[in-house]
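# Structural description and commentary
Okay, here's what each chain looks like letter by letter:
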Amino acid sequence: MFSFKLGLKNLTRQKRRNVITIFVIAFAFFSYLMMDSLMNGMEEMSFDNIKNYDTGNIQVSNPEYWEDRDELLLENLIDLNQDMEEGIKSTDGVLGVSPELRFKANLNNGIDEILVRGVGILVEQYNEVFATQNYIIEGSMFAPGESKAVIGVSLAELMDLKVSDYITLLIRTKEDTFNTIEIEIAGLVRAPNPMINNGIVFLPLEVAQEALNIGNEISLLSIKTVSGDEGIITRALADSFKDKELALSAYSWKESASSVIALSAAKKGGIGAILSIVLLIGMLGIINNVILSALERTEEIGMMKALGMREWEIVFVFMVEATGIGILGGLAGCLLGYAGVSAMVKYGFSLAYIGGDGSQYGIPILDKIYGAWNVPAFSFLFILGVAIAVFSSIFPSYWAAHKDPVKAIYHR
Amino acid sequence: MSLLELKEVKKIYQQGKIKVPALRGVDMNVEAGEFTTIFGPSGSGKTTLLNMIGCLDTPTEGVIRLNDKKVSDLSRKALAMTRRYNIGFVFQSYNLIPVLTAYENVEFAIRLIDHASVLQIKEKVLKMLDEVGLKGLENRRPNELSGGEKQRVAIARALVKEPKLVLADEPTANLDSKNAADVIDIMRKMNKELNTTFIFSTHDPMVMKYARRLINLKDGMISADERRG
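We now turn to the structure provided with this report. Everything numeric in this text was worked out from a predicted model, so none of it was measured. (Residues numbered from 1 in each chain as written. Chains lettered and ligands numbered in written order. Predicted model: local features only at pLDDT ≥ 70, side-chain atom pairs only at ≥ 80, totals over all residues. Heavy atoms only, no water.)

## With respect to the packing of helix α13 (residues 311-347) of chain A against helix α14 (residues 375-401) of chain A
Between two packed helices, what matters for the description is the angle formed by their axes and the separation of those axes. Residue and element names in this part refer to chain A. Under the convention used in this document: All axes are obtained by fitting lines to C-alpha atoms, using only the stretch in contact for helices, and the reported angles, taken between N-to-C directions, cover 0 to 180 degrees. The way it works is that DSSP assigns letters per residue, a run of H or I at least four long becomes a helix, a run of E at least two long becomes a strand, and they are numbered from the N terminus. Orientation is classified from the angle alone, with under 35 degrees giving roughly parallel, over 145 giving roughly antiparallel, 65 to 115 giving roughly perpendicular, and any other angle giving oblique. It is the rotation of the near helix from the far one that decides the hand of a crossing: anticlockwise by less than a right angle makes it left-handed, clockwise makes it right-handed. Lys, Arg, Asp and Glu make up the charged group, whereas Ala, Val, Leu, Ile, Met, Phe, Trp, Tyr, Cys and Pro make up the nonpolar group; the residues left over, Gly among them, are polar.
Where α13 meets α14, the closest approach of the two axes is 7 Å, and the angle between their N-to-C directions is 150 degrees. Considering their axes alone, α13 and α14 lie roughly antiparallel with respect to each other. Viewed along their axes, α13 and α14 form a crossing whose handedness is right-handed. Looking at side-chain class alone, the contact of α13 with α14 contains 19 nonpolar, six polar and one charged residues.

Structure (structure tokens):
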């Protein structure tokens with residue numbers, strides 16, 4: 001126990017160096033926790049923004065349409081009928097169903113033209129699934145039966161459009177003939193998902209169906225479910241489609257968000273790399289500290305050996321000191337991390353610092369990324385940090401304790 | 001039976017390709033309770049001899065017996081245990097631990113061998129500090145003590161575990177004459193009261209004056225061994 005006490009007392013020696021080492025470890029821990037919080041926040045927000053503004057929790061479509069869904073082709077569409085819709089709505093956990101007709105269009109403002117995605121919707125059902133209407137910043141969502149459109153604010157700025165302006169959508173029908181949709185803008189939306197704001201025109205489903213000459217067909221159904229039950233409901237829907245011999249499949253939002261999920265997987269690799277660097281910094285700090293302490297205290301080590309201390313007892317003294325530095329550095333890092341993550345959760349990180357919204361980087365986030373709490377990361381990092389401090393002090397401590405006692409005592 | 005017995009002890013250091021003999025065959029016996037001084041010019045082998053006796057180093061040749069136990073070919077661990085239980089050291093530069101108080105520096109040595117209660121250890125340590133004249137200075141750290149006081153702490157540390165043998169390498173070299181005399185007085189007193197065997201190495205004529213046995217070491221060999229009444 002006296003060796004333990006001595007190890008602790010040794011922490012008060014070389015205060016400046018110990019404080020620097022503690023600070024370096026603390027800063028490394030802090031950086032990791034901030035990065036982890038930011039990455040987790042980005043992941044949570046991205047997934048929420050995909051579910052709440054683009055895909056819903058589940059999408060139902062013809063499997064062949066799904067394969068080429070990004071092409072927005074008018075093939076392999078679903079014939080919308082009440083039985084099918086009711087069947088889906090009656091599935092346990094389903095909270096809302098929104099039929100959508102997605103198509104390619106060129107938006108013309110009379111001067112310029114730009115390729116956009118037209119989305120025909122039944123507005124009441126759409127509002128049950130998506131939260132887009134809450135982000136209309138000018139005008140309003142069109143009412144059922146009203147032949148108006150809603151476009152993203154970024155698209156409006158780009159095309160110099162405002163509420164009540166008329167736009168022309170140039171489209172190709174299923175038979176490959178050209179047609180146009182002349183429609184008034186009812187509202188401008190600024191949704192948290194920038195992909196919605198940049199290139200989508202929402203319009204009534206029946207207007208789109210008529211212009212595209214596709215009868216009562218739709219591209220897909222977006223479904224809102226109880227969060228977390230997507231897997232079970234997707235399987236239930238798939239079974240139901242199979243039983244009814246419908247050429248339909250259900251897909252979880254994760255399948256639409258594959259690029260963001262890939263980004264998330266890359267994030268985990270990135271966090272692993274950061275963690276390795278953090279631990280390496282901690283290790284180097286501790287090793288450096290123990291070696292310098294051992295060099296400064298050579299005579300003291302000699303005296304300890306003269307008193308009859310065994311090598312492991314001397315190793316223990318140095319390890320207690322190194323572990324103390326690891327614990328203090330870890331605690332300081334976790335406290336700094338707590339403060340930093342609190343600020344990140346409350347105030348967020350503005351994407352303006354990296355030059356605009358996240359869509360440029362494939363991240364469906366508009367203004368700010370808010371941090372997310374990952375409490376296990378704190379305890380994991382702290383425990384790992386202490387373990388690394390213990391581990392990295394073993395070798396230099398043993399090196400110190402293994403000194404020849406005569407050379408140690410008379411080393412000057 | 002002698003407490004310490006050395007037979008033909010030789011120590012040769014290898015410096016590159018050159019062999020440097022530090023001890024060339026030392027024979028000596030030391031009885032329990034002796035107060036012995038080893039003196040000689042620098043490089044005569046005094047410190048090397050003390051290191052051999054103190055189980056800090058092993059001889060290249062020859063036999064060392066301490067308390068009738070051959071220690072010259074013990075393992076590192078066994079040598080450490082011999083030092084822990086049988087030998088106290090006093091160094092020229094005190095070698096106190098700066099973060100520990102005078103009390104804790106002494107306590108450190110006894111904690112290694114004695115598993116008595118905290119109160120019993122405290123009593124022992126305070127008594128020893130009192131014996132060396134440091135009553136009231138127990139809570140001072142080494143940087144708050146004079147050279148003489150530091151050496152007294154070192155003596156208390158060496159004696160608190162009641163070793164059979166205390167080895168002191170130039171214990172007065174860093175002290176003024178007054179402090180040096182005090183330190184020697186304390187060691188003489190302990191020698192008498194506890195019958196602890198003391199072996200010094202020194203250049204200091206005053207230490208030699210107090211010694212009851214003087215061993216002159218020259219070129220790694222004993223050139224004179226004088227016992228006084």
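Moving on, there is more to tell.
## Let's talk about the layout of surface pockets
Residues and elements named next belong to chain A. Our working rule: Any residue with an atom within 4 Å of a point lines the site, the site being either a cavity, points on a 1 Å grid over the protein atoms alone where a 1.4 Å probe fits but cannot get out, or a pocket, an open set with protein on both sides within 12 Å along at least 5 of 7 lines. Grid points are joined across faces, edges and corners, and a volume is the space filled by probe spheres set on the points.
Its boundaries defined by the atoms lining it, the largest pocket holds a volume of some 540 Å³. Surrounding the largest pocket, 23 residues form its lining, Asp54, Asp70, Arg102, Arg117 and Ser256 being those nearest its centre. Contributions of two or more residues to the lining of the largest pocket are made by α2 (15-55), α3 (63-67), β3 (94-108) and α11 (258-296). In terms of residue class, the lining of the largest pocket is made up of nine nonpolar, seven polar and seven charged.

## Points about the interface of chain B and chain A
The following threshold applies: Here, two residues are considered to be in contact whenever any of their heavy atoms come within 4.5 Å of each other. Put simply, buried area is the surface a 1.4 Å probe can reach on two separate parts but cannot reach once they are joined, added for both. When a carboxyl oxygen of Asp or Glu is within 4 Å of a side-chain nitrogen of Lys or Arg, the pair counts as a salt bridge. Counting of polar contacts relies on pairs of N or O atoms within 3.5 Å, with two restrictions inside protein: one atom must be capable of donating a hydrogen and the other of accepting it, and residues adjacent in sequence are counted only when both atoms are side-chain atoms.
Contact with chain B, which involves 28 residues of that partner, is made by 26 residues of chain A. In total, chain B and chain A occlude about 2,500 Å² of area from one another, counting both sides; carbon and sulfur atoms represent 61% of this. Among the residues chain B hides against chain A, the three largest losses belong to Arg76, Val99 and Phe108 of chain B. Together they make up 22% of the total. There are five salt bridges connecting chain B and chain A. With a closest N to O distance of 2.4 Å, arginine 84 of chain B and glutamate 313 of chain A form a salt bridge. Along the contact surface separating chain B from chain A lie eight residue pairs in polar contact (both at pLDDT 80 or more). Among the secondary structure elements, those contributing two or more residues to the side of chain B that touches chain A are α1 (46-53), α2 (76-86) and α3 (102-111) of chain B.

## Observations concerning the packing of helix α5 (residues 147-159) of chain B against helix α6 (residues 177-194) of chain B
Residues and elements named next belong to chain B. Orientation of α5 relative to α6, taken along the N-to-C sense of each, is 15 degrees, at an axis distance of 9 Å. Relative to α6, the element α5 is oriented roughly parallel. With respect to the hand of their crossing, α5 and α6 are arranged in right-handed fashion. On α6, the residues touching Gly148, Gln151, Arg152, Ile155 and Leu159 of α5 are Asn179, Asp182, Val183, Ile186, Met187 and Met190. Grouping the constituent residues of the contact of α5 with α6 by class yields six nonpolar, three polar and two charged.

## Observations regarding the nonpolar core
For soluble globular proteins, the rule of thumb is that nonpolar side chains tend to be buried together. Our working definition: Nonpolar cores are built from buried Ala, Val, Leu, Ile, Met, Phe, Trp, Tyr and Cys residues. Side-chain atoms within 4.5 Å join them into one set. In this scheme, a residue with accessible area under 20% of its type's maximum is buried, one over 50% is exposed, and one in between is partly exposed, where area comes from a 1.4 Å probe on protein chains only.
Ranked by size, the top nonpolar core spans 119 residues in total, and within it Leu6, Leu49, Ile53, Phe108 and Ile199 of chain B carry the most contacts. Not counting the four nearest positions on each side in its chain, leucine 49 of chain B is found in contact with Leu6, Leu23, Val26, Met28, Ile38 and Leu217 of chain B. In terms of nonpolar packing, the next biggest core, distinct from the first, is built from 47 residues, Phe103, Leu107, Val116 and Leu169 of chain A among them.

## Considering the sheet that holds strand β10 (residues 221-227) of chain B
To summarise the sheet geometry, strands pair through backbone hydrogen bonds and adopt either a parallel or an antiparallel arrangement. All names here are of chain B. To be explicit about the condition: For two strands to pair, DSSP has to find at least two bridges joining them.
Pairing is mixed in the open sheet, where six strands are placed in the order β6-β7-β8-β3-β9-β10. Each having just a single partner strand, β6 (87-90) and β10 make up the two edges of the open sheet. Each strand axis lies, on average, 15 degrees off the axis of its neighbour in the sheet, ignoring direction. As paired strands, β6 and strand β7 (residues 165-169) are joined by four bridges and run parallel to one another.

## Details of unusual backbone geometry
Most peptide bonds take the trans configuration, and most residues that are not glycine carry a negative phi. Residue and element names in this part refer to chain B. Look at asparagine 67: it is not a glycine, yet its phi comes out positive at around 55 degrees. Here asparagine 67 is to be found in the loop between β4 (61-66) and β5 (69-70). Located in the positive-phi region is aspartate 219, a residue other than glycine, with phi close to 50 degrees. In this fold, aspartate 219 is placed in the loop between β9 (213-218) and β10.

## Section: the environment of arginine 188 of chain B
All names here are of chain B. Of note, arginine 188 is situated in helix α6. Spatially, the C-alpha atoms of arginine 188 and tyrosine 210 are 8.2 Å apart, while their sequence positions differ by 22 residues. Excluding residues within four positions of it along the chain, arginine 188 makes contact with Phe35 and Tyr210.

These figures come from the coordinates and say nothing about function on their own.
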